[in-house]
Structure formats: structure tokens, C-alpha cells
Amino acid sequence: MLKVRPLLSALVNHTLTLKTKGGLYRLCSMMSEASKDEHTAKLRKRASEENEDSAERVQAAKRIKAEGENTEDEKKYPKKKVVLLLAYSGKGYYGMQRNPGTSQFRTIEDDLVTALVKSGCIPENHADDMKKMSFQRCARTDKGVSAAGQVVSLKVRLIEDIIEKINEHLPPQIRVLGFKRVTQGFNSKNNCDARTYSYMLPTVAFSPKDYDTGNIAAFRLDSETLQKVNRLFAFYKGTHNFHNFTSQKAPNDPSARRYITEMSCGEPFICSNSEFAVITVRGQSFMLHQIRKMIGLVIAVVKGYAKEEVIQRSWGQEKVDVPKAPGLGLVLERVHFDRYNKRFGGDGLHERLEWDREEEAIKAFKEAHIYPTIVETECQEGSMVSWMSTLPIHDFEATATGTQDNKDQKQDNADGGNDSD
């Protein structure tokens, strides 16, 4: 009996030991599995981090490469201040200047900046902020107004065949005709001393008010009327207060005083069976619609709707109702840099800002794109004849009310709100 108990005790102890070992085994197995899961998670995390690091390294490499390419471009094509001579037909465009936030109103500068980017003259990331390229234009031509000698200044990469490459990306009605290096501080607007515009119109505009405008092709301007037209235009020469020749300008606003050096109408000529003439005006600067109103008032006097004295009266303090001729025939002919040429033109380092060598190209562009557009549009749409029919509603004797000024302001806003013709 005594021997059996130790055997039973040993058997029980052995069984307990086996059970304990089994539990330990299962526990170890569970711990092993957890350890494996934890290890796997660590591996996955490490792989993810390595992938992220790799992606960052790739992006960094791309940035370094791009920066390197930009650096190479800068070394190969350094940015320099230049001026570009532009010619364009303004039909279908809402003026020269870009209007941020109104992309539906296409401007000349919209197409020009796009061409500058595509040609490689300026970085793409500067296209939305051309101040970074020190961009400036000489004149902010209005909706529909054309130019034969517009000048813009900016910094560009001096790529080979720069004019040809820019023109490759421009529509035919916009051309870069000239290119010159200028001083780093040059600003095409601030350095411009004067601007010359032309205005092409059918001579029927100077016909008597009882003339049948249904047959504009039959009208011919006589020499006596042409002399009267030029005598009236001569009144504008000198410095005058042109507050009545734009909108929202007070009579005592110093900016309304403008200096005119030349204004005259040339000999008439036949084009598409109708007679046309070109008016030339040169001044230091012009306000929005000023030239069109100067011409509109003279037409009203010649046709007999207003007396000559209205011109001098318009420079006084009272508000005068001045009609605004259509914008179709207005062309920016050239801009003048007399002071710049005098200071830098003979220093042996910089070219004079004159375009004698480009005269033939300017003439060819006008004959191909500007004059035909003006003549064809006038013959098809009759903008001058339609405008002439509104002259009787103007009261040139009484002081104008604010109504017409408000109408002008609404039209100005629709045209883009530029500060000059």
C-alpha cells in the first residue's frame, strides 16, 4: 500500500507537469504568434516609411533637376530688359491690357503672354503675375482699337530668333515687329514722352446733316470743308482741360489737363468705292475716349449740330455733352521716347528707340490687317452712319446733366475701364 501511494503521487505530478508544459507551450506559441505579428507590422511600417522616403527622394530629385534645368536656362538665356514693337488689329479683343478674373474678355496681352511662355521667353509660373517680369505697356488701347506701333517693356530670356519664335505662337492679327535691348530701369509707360494716334473714317462723317447717308459711296469731301475741319482741329493744340472728353473727371482734376502738339485731317482717298480720310493726333498722353470725343465734337460742329464756340466752352468748368465717335477707326501709330534717346541713344551701349528699319513691316501689317478690317467693317456694319444718327439727341447749348455721364461710365465699364485710348 505504501508503495502504491508514491506511484500514484508520481503519476499525478507527471500529469500536472505535462499539463503545465502544454499550457506553457500554448502560451509560448501564442506569444510567438504575437511576436511574429508585431514583427510583421514593424516590417510593413518600415517598408511604408522607406517608400515614403523613396517618394520624397524622387520628388526632391525632380525638383533639383528642374532647378538645375532652370539654372542652365538662366545661364544659357539670361533675363534682360527689352522692348518689343507690337502691331495688332483690335477687332474681337477687349483692349490691350489683361483683366484678371475676366478671362471671357480676351485681350491682346492674353495672347501675347501665352506666346511668351510657349516660346520659352518667360517662365510659365510668371505668366499670372507679369510684374515679376517688369512688364509694362506704353498705352492701354481700348476695346476694338488697333495698333501699328505699340511698345511693351519686360524682362525676357534672350533666346535665339526671339521674334520668330514668339510670332509662331501668335494669331496673324498680332505680330512682334521689332526688338531692342534697353536699360534695366526702363519703363515703357513712364519713359514715353508722346503718343501718336490715327483715326480712319469715311468722309461722309463731314457731310451736311441733311445728306442722304444711304449712299455713302457717292459722297466726296470738298477742299473748303476739309479746311474747316483742320481749322477746328487746330483749336485742340496746346494744353487744355479735357474733363468733358472723358467720364468721371471733375473740372478741377489736374489729370484732366492734357497737352496736344498736332491734330489734322489728311487728304481723302478712295477705298472699296467709298471715300475715306485719316486724322492724325499727337499728344503727351490721352484719357479714356478722349480722342474719339475730340473727333466727335468736331464732326457735330461741321455737320451743323453745334456751334464752334462749344469747343472752347468744353474746356471750362461746366459740364458739356460731348458725343463720342465710334472706336473702329482708332489706331495707335507710334510712341515716342525723345528724352530716353537723348540720354542713352548715343552712349554706345544702347540703341535709340526708333523703328526706321521696321517701317516697311509696319506699313505691310497695316495694309494687310488694320485698314482692310476698318474698311470692311465700316462698309458692312455702318458704325459711323449709325453713330451720326444719334447726334440730334445731344444738346450742345445747355449744360449737360449727370445722365449722359452715367451712361458713359456704364459703357466705360463694359469696355474694360482702361485709363486711355
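Residues numbered from 1 in each chain as written. Predicted model: local features only at pLDDT ≥ 70, side-chain atom pairs only at ≥ 80, totals over all residues. Heavy atoms only, no water.

### Brief notes about the packing of aromatic side chains
Working step 1: Counted by the stated rule, this structure contains 11 aromatic pairs.
Working step 2: Look at phenylalanine 242 and phenylalanine 245: their rings are 5.3 Å apart centre to centre, the planes differ by 75 degrees, and that puts the pair in the edge-to-face class.
Working step 3: Exposure remark for phenylalanine 245: the relative accessible area of 0% places this residue in the buried category.
Working step 4: An aromatic cluster is present here, built from Phe186, Phe337, Tyr340 and Phe344 joined pairwise through their rings.
Working step 5: One Lys or Arg, lysine 180, reaches over the ring of tryptophan 355 and ends 5.1 Å from the middle of that ring. (Phe/Tyr/Trp six-rings, centres within 6.5 Å; stacked < 30°, edge-to-face > 60°. Buried < 20%, exposed > 50% of the residue type's maximum accessible area, 1.4 Å probe, protein only. Lys NZ or Arg CZ within 6 Å of the ring centre and 35° of its normal.)

### As for empty space enclosed by the protein
Working step 1: Across all of its chains, the model carries two cavities of 30 Å³ or more by this definition.
Working step 2: Space inside the second largest cavity adds up to approximately 40 Å³.
Working step 3: Forming the boundary of the second largest cavity are Tyr199, Met200, Leu201, Pro202, Pro326, Leu328, Gly329, Glu378, Ser383 and Met384.
Working step 4: Of all the elements in the fold, those that place two or more residues in the lining of the second largest cavity are β5 (194-202) and α9 (383-388).
Working step 5: Ranked by residues supplied to the lining of the second largest cavity, first place goes to β5 with four residues.
Working step 6: Its residues assigned to classes, the lining of the second largest cavity comprises seven nonpolar, two polar and one charged. (1 Å grid on protein atoms, 1.4 Å probe; cavity = no way out; pocket = protein on both sides within 12 Å on 5 of 7 lines; lining within 4 Å. Points joined across faces, edges and corners; volume = space filled by probe spheres on them. Helix = DSSP H or I, 4+ residues; strand = E, 2+ residues; numbered from the N terminus. Nonpolar A, V, L, I, M, F, W, Y, C, P; charged D, E, K, R; others polar.)

### What to know about the confidence of the model for the protein
Working step 1: Per-residue confidence for the protein gives a mean pLDDT of 84; residues scoring 70 or more make up 76%.
Working step 2: Across residues 15-31 the pLDDT falls below 50, and counting only partners more than four positions away or on other chains, this stretch makes zero contacts in the model.
Working step 3: Low confidence marks residues 409-419, where pLDDT is under 50. Its contacts with residues over four positions away, or in another chain, come to 23 contacts. (pLDDT = per-residue confidence, 0-100. Contact = heavy atoms within 4.5 Å.)

### A short note on the nonpolar core
Working step 1: Formed by 101 residues in total, the largest nonpolar core has its most connected members in Leu154 and Tyr236.
Working step 2: The biggest single contributor to this core is helix α5 (residues 290-302), with nine residues. (Core = buried A, V, L, I, M, F, W, Y, C linked by side-chain atoms within 4.5 Å.)

### Overview of the side chain of glutamate 275
Working step 1: Locating glutamate 275 in the fold gives a position in strand β9 (residues 274-283).
Working step 2: Side-chain polar atoms of glutamate 275 contact the side chain of threonine 203, separated by 2.7 Å.
Working step 3: A polar contact is formed between the side chain of glutamate 275 and the backbone nitrogen of leucine 221, at a distance of 2.6 Å.
Working step 4: Dropping the residues within four chain positions of it, glutamate 275 is found in contact with Leu201, Pro202, Thr203, Phe219, Arg220, Leu221, Pro268, Phe269 and Ile270. (Polar contact = N/O pair within 3.5 Å; in protein donor to acceptor, adjacent residues only side chain to side chain.)

### Observations concerning helix α4 (residues 223-234)
Working step 1: Over its 12 residues, α4 runs 16 Å from end to end, which matches the ideal 16 Å to within 8%, given 1.5 Å per residue.
Working step 2: Those residues of α4 not exposed but buried are Thr225, Leu226, Val229, Leu232 and Phe233. Taken end-on, α4 shows its buried residues confined to a sector of 125 degrees, consistent with a single buried face. Of the exposed residues in α4, the ones pointing more than 90 degrees away from its buried face are Ser223, Glu224 and Gln227.
Working step 3: On its buried face, α4 sits against β7 (257-265), β9, α5 and α6 (309-313).
Working step 4: In this structure aspartate 222 caps α4, since a side-chain oxygen of it lies 3.2 Å from the backbone nitrogen of glutamate 224. (Expected span 1.5 Å × (residues − 1). Arc of directions from axis to C-beta.)

### A short note on the pattern of salt bridges
Working step 1: As enumerated under the stated definition, the model contains 15 salt bridges in all.
Working step 2: One salt bridge connects arginine 106 with aspartate 111, and the closest N-O pair in it is separated by 3.1 Å.
Working step 3: Assessed through its relative accessible area of 38%, arginine 106 is described here as partly exposed.
Working step 4: The class for aspartate 111 is buried, based on a relative accessible area of 16%.
Working step 5: The partner of arginine 313 in a salt bridge is glutamate 309, and the shortest N-O contact between them spans 3.3 Å. Of this pair, arginine 313 and glutamate 309 both sit in helix α6, separated by four residues, roughly a single helical turn.
Working step 6: Residue classification places glutamate 309 among the partly exposed positions, given a relative accessible area of 36%. (Salt bridge = Lys/Arg side-chain N within 4 Å of Asp/Glu carboxyl O.)

### Quick notes on unusual backbone geometry
Working step 1: Phi is positive for serine 134, which is not a glycine, with a value near 55 degrees.
Working step 2: Counting through the fold element by element, serine 134 comes out in the loop between α2 (108-118) and β2 (136-137).
Working step 3: We classify serine 134 as partly exposed; its relative accessible area is 29%.
Working step 4: A positive phi is found at glutamine 248, a non-glycine position, where the angle reads about 60 degrees.
Working step 5: Along the chain, the position of glutamine 248 falls in the loop between β6 (238-241) and β7.
Working step 6: Under the relative-accessibility criterion, glutamine 248 is labelled partly exposed at 47%.

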